[in-house]
Amino acid sequence: MKIYYVTLNNTDEARQIGRALLECKLAVCVNWFPITCAYSWQGEITEEPEVVLIIKTQDGYALEIEKLIQEHITYTNFIAEISPTAVNQGFVNWLNAEVSPRSQ
């Protein structure tokens, strides 16, 4: 299993991308929520609102997920792949039933 942590500009983008991932069977579940991002840019600290999209899926879908995200936005964002060390079996069963595991 993999989890993707993705930053976006707004909830509309997160909703559109999340639903597209589900429709394409690239994810079993997505979550999005607003955050505040603070970062250093050209010598100054800036704060701006962002939205985090969390994608829960199988291993092996990174390229397809990144491509789908890039089809919906025109800016450079953050996409991180996270490998959970333990996941409850009920969730794994649901994931396996909804998103085909990729052979390595």
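Anyway, here's the lowdown on the structure attached to this text. Fair warning: this is a prediction, and the values are worked out from it, not measured in the lab.

**Thoughts on the pattern of salt bridges**
- Inspection of the entire model under this criterion finds five salt bridges.
- Where Arg-15 meets Asp-12, a salt bridge forms, and the shortest distance between an N and an O atom there is 3.3 Å. Taken together, the residues span about one helical turn, with Arg-15 and Asp-12 both in helix 1 (residues 11–23) at a distance of three residues.
- Between Lys-67 and Glu-71 there is a salt bridge whose closest N-O contact spans 3.7 Å. Of this pair, Lys-67 and Glu-71 both sit in helix 2 (residues 62–72), separated by four residues, roughly a single helical turn. Both residues of the pair, Lys-67 and Glu-71, count as exposed.

**Section: the nonpolar core**
- With 23 residues, the main nonpolar core has Ile-17, Leu-21, Leu-53, Ile-55 and Ile-65 as its most contacted residues.
- Considering every element that reaches this core, the biggest residue donor is helix 1, with four residues.
- With residues up to four places along the chain from it excluded, the contact list for Leu-53 reads Tyr-4, Tyr-5, Val-6, Leu-8, Ala-14, Ile-17, Gly-18, Leu-21, Val-30, Asn-31 and Trp-32.

Parameters at a glance
- Residues numbered from 1 in each chain as written.
- Predicted model: local features only at pLDDT ≥ 70, side-chain atom pairs only at ≥ 80, totals over all residues.
- Heavy atoms only, no water.
- Salt bridge = Lys/Arg side-chain N within 4 Å of Asp/Glu carboxyl O.
- Helix = DSSP H or I, 4+ residues; strand = E, 2+ residues; numbered from the N terminus.
- Buried < 20%, exposed > 50% of the residue type's maximum accessible area, 1.4 Å probe, protein only.
- Core = buried A, V, L, I, M, F, W, Y, C linked by side-chain atoms within 4.5 Å.
- Contact = heavy atoms within 4.5 Å.

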